[in-house]
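Architecture at a glance
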Amino acid sequence: MKLAFDIARRYLYAKKSQNIINVISMISVFGVLTGSMALVIVLSVFNGVHGLMGELYTAFDPDLKVVPVSGKVISTDSIAYEQIKQTKGVLQLSETLEHQALLRFRKRKVPGIIMGVDSLFNKVTNIDSIMIDGKYELKYKSEFRGVIGKRLADQLAIRLNFVTPLSMYVPKRKGSVNLMTPQNAFRQEYLSPSGFFAVNQEEYDGQYLLVDIEQARRLLQYDNTTISSLAIKVNQEEASIEQVEKAIQTLVGSQMDVLNQQEQHAAFYKVMKVEKLMAYIILSFIIAIAAFNIVANLAMLIYEKKESIFTLKSMGADKRLITRIFMTEGWLISVVGIVIGSMLGIVFVLIQQHFGIIKFIGNGSYITDAYPVALQWSDVLIVIITVSTISALAAWYPVRVIVGRYYSEPASE
């Protein structure tokens, strides 16, 4: 192997009789270099977007969420509530109750989701950090208040200084309905908005209204033990999220699911992974096309070194050794492109990650000013393995065929 490497390295740096071979070699290196750099950058962009969206969700979602497997609600009496609170790593526990409702403000009516939360909700989430107007306050003395998503507030044309209260309507769960007075089939509650939040996600900003869980239970005709989910804040100094998730899942059994933040938005993260995989496959295909420049370069190099093949053959070198020499030659060409391309990609990503030199164009309101990127060394390793494999496969068959043909020819007189 060392002999093949030494000869291949000598061929790589030796002066060529035809300058076009050097040109094609440079093109081959540049093609692999560009592909490697692009793959590192694109995968890092997906990592950045993935992380940015995850941070947005983190502000509203708890570390863990315990939800019923079937149905919308469950009673805290039917689960190991106290044991969950005492589980190692559980820092705070908050009860929530969600239900769809019709929201009305003056003449505007918009469907939404009311989410009743207790006084600890802002301890298990970072809801305070996404308040863009007003303050997080769900009850003031005997008056119920609410925090509403910015998009939903715009649809209802609500402002914090308006005196008119916001009305919430849900169908009655109990009692009979008189068809002559269908308006009496709904329960109604009022509140005054105390603030607006913005997660910058339509599923939250355009639907959610946070209210006190006491008012939500009264509106929905539930008792004080009924919940839709338990929101849990994990003390990661005591235990990891994975450890707490497994411990709580053991306590609640099969009647409830314990979801981490990615599992709470499984569809979104699945789409992100699929998009990243598709980008990886498309760029790998482009790199495969660029790698065929190596084939052309090796074909010309083998033709130039035809006499050297005869010489090596007469000295006892078998076809396998000569094939290995030119395969190593192609590998060296690709390694130069892979190393330089990967390094350039890493440098670019790190500069963008820390300094944000590439900004979004336009005067729109963006979540962040610069394109988000995040370097993962596992992606760099995947790029190196992928490009190396593509380059080796692109060169293996042609080199084997061409060397075999020249090796079988008699030496010229």
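Everything below is about the structure shown above.
So, here is what we can say about the structure in this document. Numbers given for residues are sequential positions, taken from 1 along each chain in its written order. Restriction of local features to residues with pLDDT of at least 70 applies here, the model being predicted, together with a cutoff of 80 or more for giving and counting side-chain atom pairs; totals for whole chains, interfaces and linings are based on all residues. Note that the side-chain values use all heavy atoms of the structure and ignore hydrogens as well as water.

On to the overall build of the protein chain. Numbered from the N terminus, helices here are DSSP runs of H or I no shorter than four residues, and strands are runs of E no shorter than two. Looking only at helices and strands, the protein chain has 13 helices and 13 strands in total. Only protein chains enter the accessibility calculation, which uses a 1.4 Å probe. A residue is then buried if its area is under 20% of the maximum for its type, exposed if over 50%, and partly exposed in between. Within the span of the protein chain, comprising 413 residues, buried residues form 48% of the whole. The contact criterion used throughout is that any non-hydrogen atoms of two residues lie within 4.5 Å. Residue pairs in contact within the protein chain that sit at least 24 positions apart in sequence constitute 79% of those at least 6 positions apart. Calculation of accessible area relied on Shrake-Rupley with a 1.4 Å probe; when residues are assessed, cover is drawn exclusively from the protein chains displayed. Carbon and sulfur atoms form 58% of the exposed surface of the protein chain, whose accessible area is close to 22000 Å².

This brings us to the pairing of strand S4 (residues 108-117). Of all ten residues in S4, seven are buried; the element is thus mostly enclosed. As judged from the ten bridges shared by strand S3 (residues 90-105) and S4, these two strands associate in the antiparallel manner. Counterpart to Arg 104 in the pairing with S4 is Lys 109. The hairpin formed by S3 and S4 contains two residues between the paired strands, and Arg 106 there has a positive phi angle of roughly 55°. Where S4 lies against strand S10 (residues 208-212), five bridges are found, and the strand directions are parallel. Each residue of the ladder has a partner; that of Ile 113, found in S10, is Tyr 208. At least two DSSP bridges between two strands are required for those strands to pair.

Any Lys or Arg side-chain nitrogen located within 4 Å of an Asp or Glu carboxyl oxygen qualifies as a salt bridge. One pass over the full model with this rule turns up nine salt bridges. Between Lys 139 and Glu 214 there is a salt bridge, with the nearest N and O atoms lying 3.0 Å from each other. Of this pair, Lys 139 sits in strand S6 (residues 139-140) while Glu 214 sits in helix H7 (residues 213-220), and the two are 75 residues apart along the sequence. According to the relative accessible area criterion, Lys 139 is partly exposed, its value standing at 35%. Note on Glu 214: relative accessible area 43%, which makes it partly exposed. Its salt-bridge partner being Glu 143, residue Arg 145 comes within 3.5 Å of it at the nearest N-O pair. Each member of the salt-bridge network shares a partner with another, and the members are Lys 135, Glu 137, Glu 143 and Arg 145.

Right, let's talk about the pairing of S3 for a bit. In terms of strand pairing, S3 meets strand S12 (residues 229-234) through six bridges, oriented antiparallel. Bridging across to S12, Thr 96 finds its partner in Ser 229. One ladder, built from three bridges, connects S3 with strand S8 (residues 166-171); its direction is antiparallel. For Leu 103, the partnering residue across the bridge sits in S8 and is Met 168.

A word on the packing of aromatic side chains. Aromatic rings from Phe, Tyr and Trp, taking only the six-membered ring of Trp, are treated as a pair when their centres fall within 6.5 Å; an angle between ring planes under 30 degrees marks them as stacked, one over 60 as edge-to-face, and anything in between as tilted. Using the criterion set out here, one finds six aromatic pairs in the structure. An aromatic cluster of three or more residues is present, and its members are Phe 60, Phe 121, Phe 197, Tyr 204 and Tyr 208.

A separate point is H7. A large share of H7 lies buried, amounting to six of its eight residues. Each polar contact in these results corresponds to two N or O atoms within 3.5 Å; when the atoms are within protein, one needs to be able to donate a hydrogen and the other to accept it, and residues that are neighboring in sequence are counted only if both atoms are side-chain atoms. One side-chain oxygen at the N-terminal end of H7 lies 2.8 Å from the backbone nitrogen of Glu 214; it belongs to Asp 212.

A few words on the side chain of Ser 44. Relative to the helices and strands, Ser 44 resides in helix H2 (residues 19-60). Owing to a relative accessible area of 1%, Ser 44 belongs among the buried residues under this scheme. Polar contacts involving the side chain of Ser 44 include one to the main-chain carbonyl oxygen of Val 40, which spans 2.8 Å. Not counting residues within four places of it along the chain, the set of residues in contact with Ser 44 comprises Val 349, Pro 372, Val 373, Ala 374 and Leu 375.

Right, let's get into helix H8 (residues 241-252). Think of an α-helix as 3.6 residues a turn; residues three or four steps apart then line up on the same face. Helices are assigned an expected span. That span is 1.5 Å times one less than the residue count. Given a rise of 1.5 Å per residue, twelve residues ought to cover 16 Å, and the 16 Å separating the end C-alpha atoms of H8 matches this to within 8%. Taken together, the buried positions of H8 are occupied by Ile 241, Val 244, Glu 245, Ile 248 and Val 252. Axial view of H8: buried residues confined to an arc of 100°, hence all on one face. Among the exposed residues of H8, those pointing more than 90 degrees away from its buried face are Glu 242, Gln 243, Lys 246 and Thr 250. Summarising the contacts, the buried residues of H8 are in contact with strand S1 (64-68), helix H3 (81-85), S3, S12, strand S13 (256-260) and helix H9 (261-264). Of the residues trailing H8, Gly 253 is marked for its positive phi of about 70°. Along the arc lie the directions from the helix axis toward the C-beta atoms.

This part covers the environment of Gly 345. On the secondary structure map, Gly 345 appears in helix H12 (residues 319-355). Judged by its relative accessible area of 0%, Gly 345 falls in the buried class. Sequence spacing of Gly 345 and Val 40 is 305 residues, and the spatial spacing of their C-alpha atoms is 5.6 Å. Other than its neighbours up to four places away in sequence, Gly 345 contacts Met 37, Val 40 and Ile 41.

Look at Arg 106: it is not a glycine, yet its phi comes out positive at around 55°. By the element assignment, Arg 106 lies in the loop between S3 and S4. A relative accessible area of 46% places Arg 106 in the partly exposed class. A positive phi angle, close to 65°, is found at Asn 200, a residue other than glycine. Structurally, Asn 200 can be placed in the loop between strand S9 (186-197) and helix H6 (202-205).

These results come straight from atomic positions and should not be treated as a statement about function.
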